[in-house]
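Chain residues, written in single-letter form:
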Amino acid sequence: MSKLFEPITLGELTLENRIVIAPMCQYSSDEGKATAWHHAHLGQLSFSGAGLLILEATAVEAAGRISAEDLGLWDDATEAAMKDLITGLRANSKMPLGLQLGHAGRKASCAAPWNGGAQIPQSAGGWQTVAPSAIAFTEGTEAPEAMSLARIDELKKAYVETVRRADRLGLDLLELHGAHGYLLHQFLSPLSNQRTDQYGGSLENRMRLLLEIFQEIRAEFPAEKPIGVRISATDWVEGGWDLEQSIELAKALDKLGCSYIHVSSGGLSPQQKIAVGPNYQVPFADGIKRYVNMPVIAVGLITEPEQAEAIIGTGQADMIALARGILYNPRWPWHAAAKLGAKVSAPKQYWRSEPHGLKGLFHSE
């Protein structure tokens, strides 16, 4: 039997297979509110047969958006729009739904990628960004405001309030975004964190904020529902965050009852030098998995079913996540099941699409 299509349990949530749809920013919201695009985009992915769908990075406060078009969950209006979205998804799919909690920090106030992605200064309609230290992401852009202890307390409250809203919405899972150079990653890396208080300096201090926020949201979200963390295992820059430090963070999260760790890399510095190729991030997941009990998700140029099967089958990771690959092929799990001799969920309206010779591929959700 295919290892990729074996069930796995996170907390009390059982996924029918090991395929996760990773959070993917769409830059298509209206003042943080989900739009018709999200209904269409997530609707098709919810028919894919993956074990879990995690909604895109969702800002816990307006200042935490990467762009003005980012999804948010910080007030009644954004909650109402997300409620409509989730209600629609639930009406047609039983796929578990997760939400990634995000804050862009110094990488906020930017244009959408198709508009160049550059930071928008306050004089042109942008906003003041925040970070652990007043160090700009790139030369020539506005420096962020170094966060005071009072501002850090406000941030924690924003995460907790967003989690309360997520719980009201009935989401099955939460993922704390500590990767890709966004705010919590900025606190982790010595390249962006040059504080001299309890949140800077030593590894213990640089990990402090992420661990404190994890504990606070874990206490707020129902105990039976999983909360995982996404990290960048390395900055790909000498003297920055690296795998050794990531292992220590993963061990600390494991002790706190983290449900899984989702291992990506990069995004913190323009100086990063990434050797991109198939499975290029899988060794990081494998390296962390040796030190923790919680499940580990691998991601990064995993494009072929046999490739994903080998990652799970050899024990390099417990799950694999797809992002760009499933945008390109929204039925990737169907095709993987066909290649690996497994069965996959599909809406009954699509059962007649089973190719000749693959009868029995689909089962009901």
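Rules and cut-offs
Residues numbered from 1 in each chain as written. Predicted model: local features only at pLDDT ≥ 70, side-chain atom pairs only at ≥ 80, totals over all residues. Heavy atoms only, no water. Disulfide = S-S within 2.5 Å. Phe/Tyr/Trp six-rings, centres within 6.5 Å; stacked < 30°, edge-to-face > 60°. Helix = DSSP H or I, 4+ residues; strand = E, 2+ residues; numbered from the N terminus. Buried < 20%, exposed > 50% of the residue type's maximum accessible area, 1.4 Å probe, protein only. UniProt positions renumbered as here; feature names shortened; annotations may be inferred. Axes fitted to C-alpha atoms, helices over the stretch in contact; angles between N-to-C directions. Parallel < 35°, antiparallel > 145°, perpendicular 65-115°, else oblique. Left-handed = near helix turned anticlockwise from the far one by under 90°. Contact = heavy atoms within 4.5 Å. Nonpolar A, V, L, I, M, F, W, Y, C, P; charged D, E, K, R; others polar. Core = buried A, V, L, I, M, F, W, Y, C linked by side-chain atoms within 4.5 Å. Salt bridge = Lys/Arg side-chain N within 4 Å of Asp/Glu carboxyl O. Pairing = 2+ DSSP bridges.

Before going further, it helps to spend a moment on the state of the cysteines. According to the stated counting rule, one finds zero disulfides in the structure shown. The cysteine C25 is free of any disulfide, with C110 supplying the nearest cysteine sulfur at 11 Å.

Counting across every chain of the model gives six aromatic pairs. Pairing F187 with Y199 gives two aromatic rings, centres 6.4 Å apart and planes at 80 degrees, and the pair type is edge-to-face. One end of the pair, F187, is in helix 4 (residues 183–188); the other, Y199, is in the loop between helix 4 and helix 5 (203–220), and 12 residues separate them in sequence. For Y199, a relative accessible area of 5% translates into the label buried. Between W334 and Y350, the ring centres sit 6.1 Å apart and the planes meet at 70 degrees, which makes this aromatic pair edge-to-face. Pair noted here: W334 is in helix 10 (residues 332–340) and Y350 is in the loop between strand 13 (344–345) and strand 14 (362–363), with a separation of 16 residues, a long-range link. Of the residues examined, W334 reaches a relative accessible area of 9% and is grouped as buried.

The next point concerns the UniProt feature "domain: NADH:flavin oxidoreductase/NADH oxidase N-terminal" (unreviewed entry) in the chain. As annotated in UniProt, the feature "domain: NADH:flavin oxidoreductase/NADH oxidase N-terminal" (unreviewed entry) corresponds to residues 3–338 in the numbering used here. Along residues 3–338 one finds 34% helix and 15% strand; the C-alpha atoms at either end are 14 Å apart.

This brings us to the packing of helix 6 (residues 243–255) against helix 7 (residues 282–289). Axis separation between helix 6 and helix 7 bottoms out at 9 Å; the angle between their running directions is 45 degrees. When the interaxial angle is binned, helix 6 and helix 7 end up oblique. For the crossing formed where helix 6 meets helix 7, the hand is right-handed. Between helix 6 and helix 7, the contacting residues are L243, S246, I247 and A250 on the first element and F284, G287 and I288 on the second. When its residues are assigned to classes, the contact of helix 6 with helix 7 shows five nonpolar, two polar and no charged.

By size, the foremost hydrophobic cluster in this structure holds 85 residues, and its most contacted members are L176 and L253. A per-element tally of this core places helix 5 first, with seven residues. Apart from residues lying up to four places away in sequence, L176 is in contact with L101, Y159, L184, L210, I213, F214, I217, G228, V229 and R230.

One pass over the structure, following the stated rule, counts 19 salt bridges. The residue R168 makes a salt bridge to E79 at a minimum N-O spacing of 2.8 Å. Taken together, the residues R168 in helix 3 (residues 149–168) and E79 in helix 2 (residues 76–92) connect sequence positions 89 residues apart. Note on E79: relative accessible area 12%, which makes it buried. A salt bridge links D197 to R195, with the shortest nitrogen-to-oxygen separation between them at 2.7 Å. On the basis of relative accessibility, which here comes to 23%, the residue D197 falls in the partly exposed class. Through salt bridges with shared partners, a single network forms among D76, E79, E161, R164, R165, R168 and E220.

What follows concerns the sheet that holds strand 3 (residues 19–21). On the basis of which strands lie adjacent, the closed barrel formed by eight strands has the order 3-4-5-8-9-10-11-12 and parallel pairing. Sheet twist, expressed as the average angle between the axes of neighbouring strands with direction ignored, equals 30 degrees. As paired elements, strand 10 (residues 261–264) and strand 11 (residues 296–299) share three bridges and run parallel to each other. Each residue of the ladder has a partner; that of I261, found in strand 11, is V296. Helix 3 rests against strand 5 (97–102) and strand 8 (173–178) of the sheet, and its axis sits at about 165 degrees to strand 5. Contacting strand 9 (227–232), strand 10 and strand 11, helix 7 crosses the sheet at an angle of about 165 degrees to strand 11.

It is worth spelling out the packing of helix 8 (residues 305–313) against helix 10 at this point. One can describe the packing of helix 8 onto helix 10 by two numbers: an axis separation of 9 Å at closest approach and a directional angle of 75 degrees. As the angle between them shows, helix 8 and helix 10 are arranged roughly perpendicular. Contact residues: helix 8 offers P305, E306, A308 and E309, while helix 10 offers W332, A336, K339 and L340. Among the residues making up the contact of helix 8 with helix 10, the classes are represented as five nonpolar, no polar and three charged.

Bringing the environment of V263 into the picture now. Relative to the elements of secondary structure, V263 occurs in strand 10. When neighbours within four sequence positions are excluded, V263 is seen to be in contact with I231, A233, F284, A285, I288, V296, I297 and V299.

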